[in-house]
Amino acid sequence: MADAAVLSTGSSVAEGRRRRNWVPYALLLPGLLWLFVFFVVPMITLASQSLQEGNVDDGFVFTGNVAVYGQALTTYWPQMLRSLLYAGTATVLALVLGYPLAYFIAQKAGRWKNVVLVLVIAPFFTSFLIRTLAWKTILSDNWVVTDWANKLGVTSVLQALGLTANDSLLFSPFAVVMGLTYNFLPFMILPLYATLERLDPRLLEAASDLYASPWQTFRKVTWPLSLPGVVAGTLLTFIPASGDFINARLLGNTQTTMIGAVIDSQFLRVLDYPLAAALSFVLLVIILVLVASYVRKAGTEELL
Amino acid sequence: MAWIKRHLITFAALAVLAYTLVPNVIVAVFSFNDPKGKFNYTFNEFSTDAWTNPCGAPGICDSLGLSLRIGITASIIATILGTMIAFALGRYRFRGRSATNLLIFMPMATPEVVMGSSLLTLFLMAGIPAGPVAILIAHIMFCVSFVVVAVKARVATLDPRLEEAAADLGANPTQTFLRVTLPLAAPGIAAGGLLAFSLSFDDYIITNFNASPSSITFPMYVWGAAQRGVPVQVYAIGTVMFLIALGVVVAGQVVGARRNRQVA
Amino acid sequence: MGDTTVDRTGKGDLSLVALTKSFATFTAVHPLDLTIEAGSFFALLGPSGCGKTTTLRMIAGLEDPTGGRITIGDEDITDTKAYQRNVNTVFQSYALFPHMTVVDNVMFGLKRRGDKDAKRKAREALELVQLEQVATKRPTQLSGGMQQRVALARALVNRPDVLLLDEPLGALDLKLRRQMQIELKRIQQEVGLTFIHVTHDQEEAMTMADRIAVMNAGRMEQLGDPATLYERPSSTFVANFLGQSNLLRASVLGSESGNGVVRVRSHDTELEVVRDHLPQGVGDVWLGVRPEKLRLGESGGPNRLSGLVRDVSFTGVATQYSVEMPWGQELTVVQQNDGTARARLGENVTVSWAAEHGFALDASQDAEAGAELVDDRG
């Protein structure tokens, strides 16, 4: 009878909803209107701004000047590419670091589960900027971390990889990527945890019962089942990391400038609105193309 | 060796956990520093100055107050708007569902710098001046989606039969909503509200595009200080924020655990 | 049956008149006419998807009928909302409010009606279901059986004109289910309210109900008291769904031998069936006999068939045999373990039964109807 009950509930629900059809729309209207006016419309004004010419004092006129995009890309492609590269590296690192922790909380922590979860979430609620400033202290030359890194030869490896310029850790690509990884790690851990928590440990037992080695069990069972979390986590890490410029500014040098900083300074200091808008729009399109091709596999409903 | 191998995941997890917590420890330790010079990089001398005189750095408490006001207002409005959308998505079938999902998802899939700069172009064209109102509008916009996600997750687990049972027992639609639906959705709404507050309180990038010189939020204050030299008070406030967050999250976990124990 | 108006609850009988429910692609309930006597224990019995739950939900007001009327006594409640009806439901999954204590759950309905005496009445209702000691606990802290009783108390306490039970025992284990069947029956007799019990479990329906409506594919197959439904099913569906039946293909010979018995021929054997047990004006029939009415040997009566024992399964109180007839059909025979000798596998036996133990059904029906739907959990 259970299926029939569900069936009739489902249809009665649909029935009741047909009669009070306006209710969902009334619930949606204020919020979606807000998002439309202050998210969708700005995208249009952004595009429009990019195609205008003029200056702040005399005002801007729409001229359809597409050339600004060429100018933006030829001038700032290194920063754009660097942003995607740093964000991509930080995302991979966050996945590598976040996965064991998420797995541990979900499957191994037992009664410590909630404690560890709190410790992962709580820093996320404290100021991003202050925590990044703390890294500036930790990585500074005066501290033991740099000393050890030098003694253990880590800095030589980093130098060979081009991630640091000298024996210092701070103000280097290494510091920026490390800061990005650190700052967006909770965005990786939480979706991973959510899917790994639903993973039935009996499946892992079944896999090992069927002669799978731990590595094979991970490859064939755990990893595929955690893919929705991996997709959500990588997106939630990569997207904000690609537009971030706080880490690059606080932990990097002039050679680590990311595209967010360019947009910020073009808008607020140089006051070249069309160029800034064009850069912003290009970044949006790049992210959208990357996300869309990625999401095609997962579906938005899954991510929400 | 075998023991280490068996507990490899545990060691890796604890190392990562340490990595996520080290900065908070540093912040707490350095809040008791009396720095030599303007940069708080080395521990010079123990001092409780920052704790006894938290507003000692000029402008710090004004910016904190502004951030709190904006954070509270933005999170309340975003929670109301987001909860309504979450109920519509979780409880009703309607046309335009996938378009709605897309519109909710988009702000989360857009880099902050793009949202901030695009809003700036809108405000420029519409003649809306930069300042607290512009910041508030922006914060509500990017918080709504996160509230929707948090509340929708909760609404999806609500058993529609409980509402039927309420109606069956004589509760009219309003009573059913207030006495059954809302209390059951409350944990999700609270989580969404807290998330919205922390996102708003912590935002620098979007805020920076829409702030005026007279509307300096706390993150903007910290950013400015980072260029000139960070007052110790910033570290003290950071520590307090961490402790409050810890307290709130622990309280949430305790309440959640009690509920779960009842379910089990 | 609407003529008996023993008005114990003060409101009168529940009547469904041409009650219909259609969805976009199918009809869940075809026009249904049914009167349920006030104060009776009524069961709606049928397999998954037969329309019984939809019927119940229409009575509760949780589902809007496509057509027809619902009345309680003189009051037409068809167009009233669920929360305006004096009808309460014990839900299949109990649907207890997890954020309220047990006693708050029980008081919920009374409070909505502004009952000043809610607390005392709730305590009394909890006493009735023997749960007064858990009043301040949360429902999720209770066992399934206790939750079930809370759900019952929560509905009962409102003294509804009709109490609806939607598979209320479905989630309980067998032993607890038996216990609750007796308990439910006791409570119903104690409070004297009209109970309508929806179930797919024929044994449960027969144990508890005064009257049963058997539903199949959105239509009512048969209405009657448990004994009549069992002894004289009116269709192969009812014959198979309520217990097991052996159905033999037969043609009516038409010669009545004066003692109210009609002769039929089945596979070249002449058999007898009571005239009252034969549908009017039908030449080809299914002749049905319940397994426990069959006897091994000739002691059962004048109807005799011979066959080979193909299977013997010992179940404790009884032994079940499968006896293969010369034309290949296997008859199921259930013999009480009363000490008489048991037949052995491969033995040739005679199976016999009395004329009054058979029933005949129109042969145009599918002999297997309902058989595959029987749920063995009960």
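Residues numbered from 1 in each chain as written. Chains lettered and ligands numbered in written order. Predicted model: local features only at pLDDT ≥ 70, side-chain atom pairs only at ≥ 80, totals over all residues. Heavy atoms only, no water.

Any chance you could break down the overall build of chain A for me, citing the residues and the numbers?
The helix and strand tally for chain A stands at 14 helices and two strands. Relative to the globule expectation of 19 Å for 304 residues, the C-alpha radius of gyration of chain A, 24 Å, shows a markedly less compact shape. Seen along its three principal axes, the alpha-carbon backbone of chain A occupies a region of about 75 × 65 × 35 Å. Relative to its 304 residues, chain A shows a buried fraction of 54%. (Helix = DSSP H or I, 4+ residues; strand = E, 2+ residues; numbered from the N terminus. Rg over C-alpha atoms; globule rule 2.2 N^0.38 Å. Buried < 20%, exposed > 50% of the residue type's maximum accessible area, 1.4 Å probe, protein only.)

Can you explain the domain arrangement of chain A? Please cite residues and give values.
Residues and elements named next belong to chain A. Taken as a whole, chain A is organised into domain 1 (1-50) and domain 2 (68-303). If you average the C-alpha positions of domain 1 and of domain 2, the two centres end up 33 Å apart. Contacts between the two partners involve five residues from domain 1 and, on the opposite side, 10 residues from domain 2. Interface of domain 1 and domain 2: buried area, both sides summed, is about 600 Å²; carbon and sulfur atoms make up 74% of it. On the domain 1 side of the contact with domain 2, Leu46, Gln49 and Ser50 bury the most area, a combined 78% of that side's loss. Summed over the shared surface of domain 1 and domain 2, the result is one residue pair in polar contact (both at pLDDT 80 or more). Partitioning the side of domain 1 that touches domain 2 into residue classes produces three nonpolar, two polar and no charged. (Domains from an automatic or database assignment. Contact = heavy atoms within 4.5 Å. Buried area = accessible area lost by both parts, 1.4 Å probe. Polar contact = N/O pair within 3.5 Å; in protein donor to acceptor, adjacent residues only side chain to side chain. Nonpolar A, V, L, I, M, F, W, Y, C, P; charged D, E, K, R; others polar.)

Explain the state of the cysteines to me, using residue names and the numbers behind them.
Residue and element names in this part refer to chain B. Considering all chains together, one arrives at one disulfide over all chains under this definition. Paired through a disulfide, Cys55 and Cys61 show a sulfur-sulfur distance of 1.9 Å. What sets the handedness of the Cys55 and Cys61 disulfide is the S-S torsion sign, and at about -90° it is left-handed. Of the residues examined, Cys61 reaches a relative accessible area of 25% and is grouped as partly exposed. (Disulfide = S-S within 2.5 Å.)

Which residues make up the packing of aromatic side chains, and what values do they have?
Within this structure, the stated rule accounts for 27 aromatic pairs over all chains. Both rings, one in Phe128 of chain A and one in Phe184 of chain A, keep their centres 5.9 Å apart while their planes meet at 55°; by these two values the pair is tilted. Separated by 56 residues along the polypeptide, Phe128 of chain A in helix H5 (residues 128-139) and Phe184 of chain A in helix H8 (residues 173-197) bring together distant segments of the chain. By relative accessible area, which is 5% here, Phe184 of chain A ends up buried. Among the aromatic residues, those joined into a cluster by ring pairs are Phe60, Phe267 and Tyr273 of chain A together with Phe209 of chain B. Above the ring of Phe108 of chain C, the side-chain terminus of Arg112 of chain C is found at 4.6 Å from the ring centroid. Positioned above the aromatic ring of Trp286 of chain C is the side chain of Arg249 of chain C, whose terminal nitrogen or guanidinium carbon lies 5.0 Å from the ring centre. (Phe/Tyr/Trp six-rings, centres within 6.5 Å; stacked < 30°, edge-to-face > 60°. Lys NZ or Arg CZ within 6 Å of the ring centre and 35° of its normal.)

So what about the sheet that holds strand E6 (residues 87-90) of chain C? Which residues, and what values?
The strands making up a sheet are joined through hydrogen bonds of the backbone, oriented either antiparallel or parallel. Residues and elements named next belong to chain C. Sheet architecture is open: six strands sit in the order E6-E7-E8-E3-E9-E10, paired in mixed fashion. Strands at the two margins of the open sheet, each flanked by one partner only, are E6 and strand E10 (219-224). Direction aside, the axes of adjacent strands within the sheet are offset by 20° on average. In the sheet, strand E3 (residues 41-45) pairs with strand E9 (residues 211-216) via four bridges, with the strands oriented parallel. Bridging across to E9, Leu45 finds its partner in Val214. In the packing of helix H5 (residues 174-191) onto the sheet, contacts are made with E3, strand E7 (162-166) and strand E8 (194-199), and the angle to E8 comes to roughly 155°. (Pairing = 2+ DSSP bridges. Axes fitted to C-alpha atoms, helices over the stretch in contact; angles between N-to-C directions.)

Explain helix H2 (residues 8-30) of chain B to me, using residue names and the numbers behind them.
Spanning 23 residues, H2 of chain B covers 33 Å between terminal C-alpha atoms, matching the ideal 33 Å at 1.5 Å per step. Along H2 of chain B, the largest kink reaches about 40° and is centred on Leu21 of chain B; proline Pro23 of chain B follows within four residues of it. (Expected span 1.5 Å × (residues − 1). Bend = angle between axes of the 7 residues up to and from the residue.)

A description of the interface of chain A and chain B should follow, citing residues and the corresponding values.
The interface is formed by 90 residues belonging to chain A together with 87 residues belonging to chain B. Roughly 8400 Å² of surface becomes buried between chain A and chain B when both sides are summed, with 78% attributable to carbon and sulfur atoms. Linking chain A to chain B there are zero salt bridges. Our count for the chain A to chain B interface comes out at 11 residue pairs in polar contact (both at pLDDT 80 or more). At 22 residues, the largest contribution of residues to the side of chain A that touches chain B is made by helix H2 (residues 22-50) of chain A. Among the residues forming the side of chain A that touches chain B, the class breakdown is 64 nonpolar, 18 polar and eight charged. (Salt bridge = Lys/Arg side-chain N within 4 Å of Asp/Glu carboxyl O.)

Before we move on, can you summarise the packing of helix H4 (residues 60-91) of chain B against helix H11 (residues 218-228) of chain B with the specific residues and values?
To describe two helices that pack against each other, one gives the angle between their axes and the distance between the axes. Residues and elements named next belong to chain B. It is the contact of H4 with H11, at a shortest axis distance of 7 Å, that shows an interaxial angle of 145°. In this structure, H4 contributes Ile60, Ser63, Leu64 and Ser67 to the contact, and H11 contributes Phe218, Pro219 and Tyr221. Tallied by class, the residues present in the contact of H4 with H11 amount to five nonpolar, two polar and no charged.

Tell me about the sheet that holds strand E4 (residues 67-72) of chain C, residues and numbers included.
All names here are of chain C. Spatial ordering of the open sheet is given by E2-E1-E4-E5, a layout of four strands whose pairing is antiparallel. Two strands lie at the open edges of the sheet, namely strand E2 (27-36) and strand E5 (75-76), each paired on one side alone. In the sheet, strand E1 (residues 14-22) pairs with E2 via six bridges, with the strands oriented antiparallel. Each residue of the ladder has a partner; that of Lys21, found in E2, is Val29. On top of the sheet, helix H1 (residues 52-60) reaches E1, E2 and E4; it is set at about 120° to E1, its chief contact.

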